[in-house]
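The residues making up each chain are set out below.
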Amino acid sequence: MGTAMDVHDKETRSFNMSRIRGKDTKPELIVRRACHALGLRFRLHRKDLPGKPDLVFPKYKTVVFVHGCYWHSHDCKFGAVVPKTNTEFWQSKRMTTIDRDARNARELEYRGWRVLTYWECEIKDADSLVERISRDFSGD
């Protein structure tokens, strides 16, 4: 087995972890569809910007990150989960992610970009998501 408490062997756990994607995730695709339906046009994952934002709206000088609650330690029930195995490793990895997110946001703001973060748990309600995106891009 992978660790004393892991329900999968090392090979299965490795395979599962390798399938976790960093872009084109289901939450990201939902946000992209909602933005497109609202007539907002964007670029994806610009490598010349810190953190390679998920969506970039040059017209609005705005970037959007679509964060998974667990991986980016959101303050919801999904982000508060503490791993049962290899706890110290995963907590350290998640803290590094939080630090990197903050560093990237600061650098983007310094460059004059507005930074928006949509959390996985907030995306589940499609109507609320569309309302939020509309508000975020209405200029109010």
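Let me begin by describing the structure that accompanies this report. Note that the structure is a prediction, hence the values are computed from the model and not measured.

Bringing unusual backbone geometry into the picture now. Positive phi values are uncommon outside glycine, yet lysine 52 reaches one of about 40°. In this fold, lysine 52 is placed in the loop between strand E1 (43-44) and strand E2 (55-57).

Here the focus is the nonpolar core. Counting residues in hydrophobic clusters, the biggest one holds 15 residues, and the most contacted among them are Val31 and Ile133. Elements with a contribution of two residues or more to this core: helix H2 (26-37), E2, strand E3 (62-67), strand E4 (114-119) and helix H5 (126-137). With residues near it in sequence (within four places) discarded, isoleucine 133 still touches Val31, Ala34, Cys35, Leu38, Leu40 and Tyr118.

Taken together, Lys26, Arg33, Lys77 and Lys124 make up a surface patch of like positive charges. Within the fold, lysine 124 resides in the loop between helix H4 (120-123) and H5. Taking the relative accessible area as the measure of exposure, lysine 124 reaches 60% and is therefore exposed.

A few words now on the environment of glycine 79. Within the element layout of this structure, glycine 79 appears in the loop between E3 and helix H3 (87-110). In sequence terms glycine 79 and glutamate 120 are 41 residues apart; their C-alpha atoms lie 9.8 Å from each other. Setting aside anything within four residues of it in sequence, one finds glycine 79 in contact with Cys69, Tyr70, Ser73, His74 and Arg94.

How each quantity is defined
- Residues numbered from 1 in each chain as written.
- Predicted model: local features only at pLDDT ≥ 70, side-chain atom pairs only at ≥ 80, totals over all residues.
- Heavy atoms only, no water.
- Helix = DSSP H or I, 4+ residues; strand = E, 2+ residues; numbered from the N terminus.
- Core = buried A, V, L, I, M, F, W, Y, C linked by side-chain atoms within 4.5 Å.
- Buried < 20%, exposed > 50% of the residue type's maximum accessible area, 1.4 Å probe, protein only.
- Contact = heavy atoms within 4.5 Å.
- Patch = residues over 30% accessible without salt bridge, like charges linked within 9 Å, V, L, I, M, F, W, Y side chains within 5 Å.
- Areas by Shrake-Rupley, 256 points an atom, 1.4 Å probe, with all protein chains shown as cover.
- Salt bridge = Lys/Arg side-chain N within 4 Å of Asp/Glu carboxyl O.
- Lys, Arg positive; Asp, Glu negative; His and termini not counted.
- Charge placed at Lys NZ, Arg CZ, Asp CG, Glu CD.

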